[in-house]
Structure formats: structure tokens, C-alpha cells
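Overview (structure and organization)
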Amino acid sequence: MKAYRGKDGKIRIFRPELNMARMNLSASRSCLPQFDAEEMIKCLCRLISIDQEWVPHSEAASLYIRPTLVGTEPSLGVASSESALLYAILCPVGPYFGTSSEAEAVSLLADPNFIRAWPGGVGDRKMGSNYAPTIKIQEQAHKKGYQQVLWLYGEDNQITEAGTMNIFVVIKNTKGEKQLITAPLNGLILPGITRQSIIQLAKEWREFEVIERVITMPELLHLSKENRLIEVFGSGTACVVTPVKRIFYRDDALEIPTMEQQDPIFRRMLKTITGIQYGDIEHPWARPID
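This text gives an overview of the structure that appears in the document. For clarity, every value in this text was computed on a predicted model and none was experimentally measured.

What to know about the overall build of the protein chain
- A count of helical and extended segments in the protein chain gives six helices and 14 strands.
- Taken over the C-alpha trace, the protein chain has a radius of gyration of 20 Å; the compact-globule value for 290 residues is 19 Å, and the two agree within 12%.
- Expressed along its principal axes, the backbone C-alpha trace of the protein chain runs to roughly 55 × 50 × 35 Å.
- Relative to its 290 residues, the protein chain shows a buried fraction of 50%.
- Summed over all atoms, the accessible surface of the protein chain reaches about 14600 Å², with 50% contributed by carbon and sulfur.
- Separation between the mean location of the 33 positive side-chain charges and that of the 34 negative ones in the protein chain comes to 1 Å.

So, the packing of aromatic side chains
- The final tally for this structure, using the stated rule, is four aromatic pairs.
- Ring plane angle 85° and centroid distance 6.1 Å describe the contact between Phe 14 and Trp 285, whose orientation is recorded as edge-to-face. Here the residue Phe 14 occupies a position in strand E2 (residues 11–14), and Trp 285 occupies one in the loop between helix H6 (265–277) and strand E14 (286–289), the gap between them amounting to 271 residues. By the burial criterion, Phe 14 is buried, and Trp 285 matches it.

Details of the nonpolar core
- If you look at the biggest cluster of nonpolar residues, it comprises 26 residues, and the most contacted ones within it are Phe 14, Leu 180, Ile 198, Phe 233, Val 241, Met 269 and Ile 273.
- Those elements that place two or more of their residues in this core are strand E8 (165–172), helix H4 (193–205), strand E11 (229–236), strand E12 (240–249) and H6.
- When residues no more than four places from it in sequence are discounted, the contact partners of Ile 273 are Phe 14, Thr 194, Ser 197, Ile 198, Leu 201, Val 240 and Val 241.
- The next biggest cluster of nonpolar side chains, apart from the first, holds 25 residues, and it includes Ile 159, Ile 181, Ile 215 and Val 232.

Quick word on the packing of H4 against H6
- Remark: H4 packs on H6, axes separated minimally by 11 Å, with the N-to-C direction vectors making an angle of 110°. Here H4 is positioned roughly perpendicular relative to H6, judged by the angle of their axes. Residues Thr 194, Ser 197, Ile 198, Leu 201, Ala 202 and Trp 205 of H4 lie in contact with H6, whose contacting residues are Arg 268, Met 269, Thr 272 and Ile 273.
- Of the residues belonging to the contact of H4 with H6, the class tally is six nonpolar, three polar and one charged.

Thoughts on H4
- Taking 1.5 Å of rise per residue, 13 residues should cover 18 Å, and H4 covers 18 Å from first to last C-alpha, within 8% of that figure.
- Regarding H4, the residues found buried are Ile 193, Thr 194, Arg 195, Ser 197, Ile 198, Ile 199, Leu 201 and Ala 202.
- With its phi angle positive at about 55°, Arg 206 sits one or two positions after the end of H4.

Points about the environment of Glu 139
- Considering the arrangement of structural elements, one finds Glu 139 in helix H3 (residues 135–143).
- Sequence spacing of Glu 139 and Val 149 is ten residues, and the spatial spacing of their C-alpha atoms is 9.4 Å.

Quick look at a nonpolar patch on the surface
- Taken together, the side chains of Val 70, Leu 85, Tyr 87 and Ile 89 present a nonpolar region at the surface, about 310 Å² in accessible area.
- With three residues, strand E4 (residues 84–93) is the largest single contributor of residues to the nonpolar patch.
- With respect to the element layout, Val 70 can be found in strand E3 (residues 62–71).
- You can call Val 70 partly exposed: its relative accessible area is 31%.

Quick notes on the sheet that holds E2
- Read across the sheet, five strands follow the order E4-E3-E1-E2-E14 without closing on themselves; strand pairing throughout is antiparallel. The open sheet terminates on both sides in strands that have one partner only, identified here as E4 and E14. Here the strands of the sheet are splayed against their neighbours by 30° on average, with no regard to which way each runs.
- The pairing of strand E1 (residues 2–5) with E3 spans two bridges and is antiparallel. Note on E3: the bridge partner recorded for Lys 2 is Tyr 64.
- Contacting E1, E2 and E14, H6 runs over the sheet at an angle of about 130° to E2.

What to know about the pattern of salt bridges
- Counted under the stated rule, the structure contains eleven salt bridges.
- Two residues, Glu 161 and Arg 116, come together in a salt bridge whose shortest N-O distance is 3.3 Å. In this pair, Glu 161 sits in strand E7 (residues 158–162) while Arg 116 sits in the loop between strand E5 (106–110) and H3, placing the two residues 45 residues apart along the sequence.

Things to note about the side chain of Asn 24
- Structurally, the position occupied by Asn 24 is in helix H1 (residues 16–29).
- Of the residues examined, Asn 24 reaches a relative accessible area of 10% and is grouped as buried.
- Setting aside chain neighbours within four positions, we find Asn 24 in contact with Gln 34, Phe 35 and Ala 37.

What counts, and at which threshold
- Residues numbered from 1 in each chain as written.
- Predicted model: local features only at pLDDT ≥ 70, side-chain atom pairs only at ≥ 80, totals over all residues.
- Heavy atoms only, no water.
- Helix = DSSP H or I, 4+ residues; strand = E, 2+ residues; numbered from the N terminus.
- Rg over C-alpha atoms; globule rule 2.2 N^0.38 Å.
- Buried < 20%, exposed > 50% of the residue type's maximum accessible area, 1.4 Å probe, protein only.
- Areas by Shrake-Rupley, 256 points an atom, 1.4 Å probe, with all protein chains shown as cover.
- Lys, Arg positive; Asp, Glu negative; His and termini not counted.
- Charge placed at Lys NZ, Arg CZ, Asp CG, Glu CD.
- Phe/Tyr/Trp six-rings, centres within 6.5 Å; stacked < 30°, edge-to-face > 60°.
- Core = buried A, V, L, I, M, F, W, Y, C linked by side-chain atoms within 4.5 Å.
- Contact = heavy atoms within 4.5 Å.
- Axes fitted to C-alpha atoms, helices over the stretch in contact; angles between N-to-C directions.
- Parallel < 35°, antiparallel > 145°, perpendicular 65-115°, else oblique.
- Nonpolar A, V, L, I, M, F, W, Y, C, P; charged D, E, K, R; others polar.
- Expected span 1.5 Å × (residues − 1).
- Patch = residues over 30% accessible without salt bridge, like charges linked within 9 Å, V, L, I, M, F, W, Y side chains within 5 Å.
- Salt bridge = Lys/Arg side-chain N within 4 Å of Asp/Glu carboxyl O.
- Pairing = 2+ DSSP bridges.

See below:
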């Protein structure tokens, strides 16, 4: 989660009830105790109020909030813990990719040899086990000049997530109609709060069809050859909305015209969501901290 300081000086948090609901699902999957979501939000708001000077006086930065739940059973063994500790870590942060310019699109490495999540696993839960194994592959991507890893799954190379981001694809169908596509919540991807917000906003706009379905790398290549691939972008708490310009897949670089669009969806989503987060747009998704 993040806390944002707006031009009006007020501090806001973004849809915290969704974070708490997701955290309780993760707790249940780990045999850890669930907690009262609203009481936890009150505690977080009080903590941020006390430490409010740690919230940057800038719309290019924010205060990162990491609620954490760990088992504290004083024994060794593979079993559920009879005791647990729920706490929060705060840290001021700047732009995720080291630049405040939205024009900085990223490149992704898509390597089918590595898998982030699988059916029956915990790819849809916030657990450390989803992240530790990805670091080595992330380092390999960096060495090759790519900012993130595009995680694929299955023999058909389904697109799941990009690094820690949910992924969106904007295409034109065979009728020339614009569609916004993202992977379904089938257990392989994290149900991101920014992802959900993008889907809801897009449906409210009613300008193009919003589809949650499996999309594969071969399909992406086919769409590109037919000039029907318009945009690819990632979403998440850390990056908000980040455009993608290139995907390296099977010894070939797929160039994506995300930044060439006159009025790209990613930029509109970024402007709208950050506008809500920083208070430029009045919206119930932003909860002010007294």
C-alpha cells in the first residue's frame, strides 16, 4: 500500500479495504490468523498520522506501507503457528523504475524456461515464496538490458505477470474495434488493486470492450504482424501504470507501439489513478487521513 500527499496537503491512502481483504486471504492460505480489516486500517491511519512527516511533500513520491504477518511459534518444524505477529513497515519511495517521467517505457524478457506460478499453487496470494525465486531471473533480465521479466505459463506460453505487475494488452479485433485484455483470476496471478481499478474505470468509460481472458505470446506475435497490437502496459502499487515498449521472446525482440499512440489508454489510466491518489480527483477510492 501507499500513502500520498496531495497539493492540498492532505494525506490519502488508496482502497485499503481491498488490500486488507487480500491479506486475510493470504493469511488463511498460510494457516495464520485473520484479523479485523477495518481495525487494521484504523491502526495504519493512526501510524501514518503520527509519522506524517515521512510522507513526501511531492507528487513524484509517496510513503510505502507494507503490512506484514508472520508466524512466531518458538519451535522448529513444518506446521501451523499457534502465535503470530502483525505489523507494518513504512518507507518513503520515489518512482519504481528510477524515473519520474511517464514517457520511460520498459522492456521485458519473456523466457518460457522459468515459471512464476502454477495451478494449485499460491500465485494469487501475497507470499514471500512468490518473490524470492524470481530475483535470480530478474538479475538475468537486467544483465541483458531488460527492466523486468514477463512471466509465462504452459506449453502455449500464456502471459501472466510482468515482474510484480499485472499486465494489460490493448488490441484491435478483426472488426477494428479496440479491446483491453488482461489475464483472468485463475489462480496464476495476483488480484492487484490497481488491476481491479483499471478494469472498473475502463468499464465506466464504456469506450472499448474489457476482457479478462488468457492471452499467449504466439497470439501477441500474430497481432503484431497484423498491426493489431496497440499497447502493452503493467500495473501495480509500486509502478501504478507502466508502458511496455519491447518484449524479448525466443531470440526475437517484439517492438510494441505503446508510446506511438496519440491518446494511449495507459496514460489516461495513469493520470486518472494518480489524480485520485493525490486528491486532484475527488473519489471514494481515496481515504483521507485525519
